[in-house]
Amino acid sequence: MNKSVLIIVFSVFVLSLSVLPVSAVDKTLPSGRMMAIATDHEQFIRQAFDLAISAGKKGNHPFGAVLVHQGKAILTAENTVNTDNDFSHHAEANLLARANREFSREVLRQSTIYTSDGLGSPAIK
């Protein structure tokens, strides 16, 4: 190795050392609260996948959706395209149509929708 390559390698090494403590201070590593939030999300994602499996067993495409408000699932829906013979009856569309009838705009603004990816198995393991 020539001298200029060694200087570049050494500079990159020193730079990486100076960045590591900043990352730890900035909390880029998951904290206990961040892990709890990830677990909350995982619960609802798994519920959406369970709904997708249920839809598939009924002859529909495997999609499911969950509406969550203040940490609780308040509404669920499955894809019903085949059983309803309506190409617009995707899980998300079914969920939103029903949610619009059953909940106020304020509740909907404060809610989160979780959906499956259609594979019927959780992406988070």
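Residues numbered from 1 in each chain as written. Predicted model: local features only at pLDDT ≥ 70, side-chain atom pairs only at ≥ 80, totals over all residues. Heavy atoms only, no water.

S.K.: Is there a simple way to think about the pattern of salt bridges in this case?
M.R.: Pairs can form between side chains of opposite charge once their charged atoms are near each other. Applying the stated criterion across every chain yields a total of 4 salt bridges. Close ionic contact of Arg46 with Glu42 constitutes a salt bridge, the shortest N to O distance being 2.7 Å. Remark: Glu42 and Arg46 occur in helix H2 (residues 32-57); sequence separation between them is 4 residues, near one turn of the helix. For Glu42, a relative accessible area of 21% gives the class partly exposed. Of the charged contacts in the structure, one is a salt bridge between Lys58 and Glu78, with a shortest N-O distance of 3.1 Å. On the criterion of sequence distance, the pair formed by Lys58 in the loop between H2 and strand E1 (64-69) and Glu78 in strand E2 (residues 72-78) is long-range, its members being 20 residues apart. The class for Glu78 is buried, based on a relative accessible area of 15%. (Salt bridge = Lys/Arg side-chain N within 4 Å of Asp/Glu carboxyl O. Helix = DSSP H or I, 4+ residues; strand = E, 2+ residues; numbered from the N terminus. Buried < 20%, exposed > 50% of the residue type's maximum accessible area, 1.4 Å probe, protein only.)

S.K.: Would you mind going over the packing of aromatic side chains with me for this structure?
M.R.: The description of an aromatic ring pair uses the distance of the two centres, along with the angle that the planes make with each other. This structure, assessed with the given rule, holds 1 aromatic pair. Ring centres 5.3 Å apart and planes at 40 degrees place the aromatic pair Phe44 and Tyr114 in the tilted group. Highlighted residues: Phe44 in helix H2 and Tyr114 in strand E3 (residues 111-115), separated in sequence by 70 residues. On the basis of relative accessibility, which here comes to 4%, the residue Phe44 falls in the buried class. (Phe/Tyr/Trp six-rings, centres within 6.5 Å; stacked < 30°, edge-to-face > 60°.)

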